[in-house]
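# Reading the structure
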Amino acid sequence: MYILGIETSCDETGVAIYHSEKGLIHHCLYSQIAMHNLYGGIVPELASRDHIRKLTPLIHECLKSSQLTKADIGGIAYTAGPGLIGALLVGAATAKSLAWTWGIPAIAVHHMEGHLLAPMLEDNPPAFPFVALLISGGHTLLVKVTNIGQYELLGESLDDAAGEAFDKAAKMLGLSYPGGPLLAKMAEQGNPERFKFPRPMTDRPGLDFSFSGLKTFTMNTLISTKQTDQDKADVALAFQKATAETLAIKCKRALKQTGLKRLVVAGGVSANTYIRQTLTDMTQKERAEIFFPRPEFCTDNGAMIAYAGSQHLKAQQSESLAIQAKPRWPINELYKA
Ligand code: KG4
Ligand code: ZN
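### Structural notes on the coordination of the zinc ion (ligand 2)
Tetrahedral coordination by four donors places them ideally at 109.5 degrees to one another around the metal; octahedral coordination by six donors ideally gives 90 or 180 degrees. The coordination sphere of the zinc ion (ligand 2) contains the protein donors His111 (NE2), His115 (NE2) and Asp300 (OD), at a distance range of 2.0 to 2.1 Å. For the zinc ion (ligand 2), all donor residues lie on one chain, and their spacing in sequence is H-x3-H-x184-D. With histidine 111 in helix α4 (residues 111-117) and aspartate 300 in the loop between β10 (289-291) and α10 (303-314), this pair connects stretches of sequence that are 189 residues apart. Exposure remark for histidine 111: the relative accessible area of 5% places this residue in the buried category.

What follows is the structure, encoded as structure tokens:
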């Protein structure tokens, strides 16, 4: 069965078609980054309006490129939350309306569950059970995944998400929005010996994270320098190193605590090469396996939503006609009866 996936939770309009046996057929993405860049961050109302403009043409384009018509589609999966309420409503209302007129089911998908399952689109997908580290712009979560739909929250960020910390540190370094990938680029020129940043919350037990102190440390270190290009690169690398090592310490702890030997890392920040390498080195030492989505499926996309929707349909989970959009939606409340 062909499933259409729609992602509109933030600043990317993503559409994809996934087939339950043939796998991913096609995916299209429209990024609003250039528009929000003018304002130094996401403007929610502009995001909603742009999703309205781009979503329907993108659905047409995706069907056309897949050489399919609406009659071929058996279900429509959409991101129902968490995210920006206006942006979510565009995807949810479009998905529900199309599903109703086409006489097929609509499936509400949790955005972070989409990220969590993105590595399933790769040639060598992880087997269950595994520990998942989800690092995006809005969330930092450690989850024990026993099966599709069986998620136990092990830890989360008590303040800024990892991606948010990257973006804020990047702003301090004079980089434009979204700063995460630009900070990573700047860090390539950095001297790893110059600064040593703290690894927050690693000196006490537990699997929660805190990144706001690291942000302040970044600011204080930066203003103690002349802020030359080299100073900035050194600060960027120290920030990235501290974040990567903090994530690695917590993942190692989560693997130990659960007794599992498989780690999945997903969400926008998992596109970061330095973080991928640090976590890969840790899992090699621990004799554990590690799985990432390909970089384009680390950040928001329709493919992960189409895949998650296909799994829900397989489990015959259907929903009422009500349009679902939840700006806040804890992942551990996903499958509560
Ligand atoms: O998952 P995502 O696309 O959207 C949310 O669900 O939030 O994640 C976006 C976040 C942004 O904070 C962005 O700066 C960060 O992921 N990001 C990166 C990299 N690529 C994206 N952070 C560090 N290094 C990267 N290469
Ligand atoms: Zn995301």
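### Concerning the site of ligand 1
Surrounding ligand 1, one finds 17 residues, the nearest of these being His115, Gly137, Asp167, Gly268 and Asn272. Note that an oxygen atom of ligand 1 is positioned 3.0 Å from one of the side-chain N or O atoms of histidine 115. Glycine 180 places a main-chain nitrogen or oxygen 3.3 Å from an oxygen atom of ligand 1. Burial of ligand 1 by the protein amounts to 87% of the accessible area it has alone, namely 560 Å². Going through the elements one at a time, α4, α5 (162-172) and α6 (180-187) are the ones with two or more residues in the shell around ligand 1. With 3 residues, the top contributor of residues to the shell around ligand 1 is α5. Residues belonging to the shell around ligand 1 are distributed by class as follows: 4 nonpolar, 11 polar and 2 charged.

### A word on the sheet that holds β10
One open sheet accounts for 5 strands, arranged β8-β7-β6-β9-β10; its pairing is mixed. Both edges of this open sheet fall to β8 (150-156) and β10, since each of them pairs with a single strand only. In this sheet, adjacent strand axes meet at a mean angle of 25° when their direction is disregarded. When strand β7 (residues 140-147) meets β8, the two strands line up antiparallel, connected through 6 bridges. Across the sheet, residue lysine 144 finds its bridge partner in β8, namely glutamate 152.

### Remarks on the pattern of salt bridges
Summed over all chains, the structure comprises 16 salt bridges. Between aspartate 160 and lysine 215 there is a salt bridge whose closest N-O contact spans 2.8 Å. Residue aspartate 160 is found in the loop between β8 and α5, and its partner lysine 215 is found in helix α7 (residues 212-223); the two are separated by 55 residues along the sequence. With respect to burial, aspartate 160 and lysine 215 carry one shared label: buried. For the salt bridge of lysine 256 with glutamate 286, the shortest nitrogen-to-oxygen distance reads 3.8 Å. On the criterion of sequence distance, the pair formed by lysine 256 in helix α8 (residues 229-258) and glutamate 286 in the loop between α9 (273-285) and β10 is long-range, its members being 30 residues apart.

### Considering the packing of aromatic side chains
Per the stated rule, a full pass over the model turns up 5 aromatic pairs. Ring centres of tyrosine 18 and tyrosine 307 lie 5.2 Å apart, and the angle between their planes is 90°; this geometry places the pair in the edge-to-face category. Note that tyrosine 18 is positioned in strand β2 (residues 12-19) and tyrosine 307 in helix α10, a separation of 289 residues in sequence. Relative to phenylalanine 239, the ring of phenylalanine 166 has its centre 5.1 Å away and its plane inclined at 85°; by these criteria the two rings are edge-to-face. In this pair, phenylalanine 166 sits in helix α5 while phenylalanine 239 sits in helix α8, placing the two residues 73 residues apart along the sequence. The aromatic ring of phenylalanine 209 is capped on one face by lysine 250, whose charged end is 5.6 Å from the ring centroid. Its guanidinium or amino end placed over the ring of tryptophan 329, lysine 326 lies 4.2 Å from that ring's centre, counting from NZ or CZ.

What counts, and where the lines are drawn
- Residues numbered from 1 in each chain as written.
- Chains lettered and ligands numbered in written order.
- Predicted model: local features only at pLDDT ≥ 70, side-chain atom pairs only at ≥ 80, totals over all residues.
- Heavy atoms only, no water.
- Donors = N, O, S within 2.8 Å, 3.2 Å for Na, K, Ca; no water.
- Helix = DSSP H or I, 4+ residues; strand = E, 2+ residues; numbered from the N terminus.
- Buried < 20%, exposed > 50% of the residue type's maximum accessible area, 1.4 Å probe, protein only.
- Near = heavy atom within 4 Å.
- Polar contact = N/O pair within 3.5 Å; in protein donor to acceptor, adjacent residues only side chain to side chain.
- Areas by Shrake-Rupley, 256 points an atom, 1.4 Å probe, with all protein chains shown as cover.
- Nonpolar A, V, L, I, M, F, W, Y, C, P; charged D, E, K, R; others polar.
- Pairing = 2+ DSSP bridges.
- Axes fitted to C-alpha atoms, helices over the stretch in contact; angles between N-to-C directions.
- Salt bridge = Lys/Arg side-chain N within 4 Å of Asp/Glu carboxyl O.
- Phe/Tyr/Trp six-rings, centres within 6.5 Å; stacked < 30°, edge-to-face > 60°.
- Lys NZ or Arg CZ within 6 Å of the ring centre and 35° of its normal.

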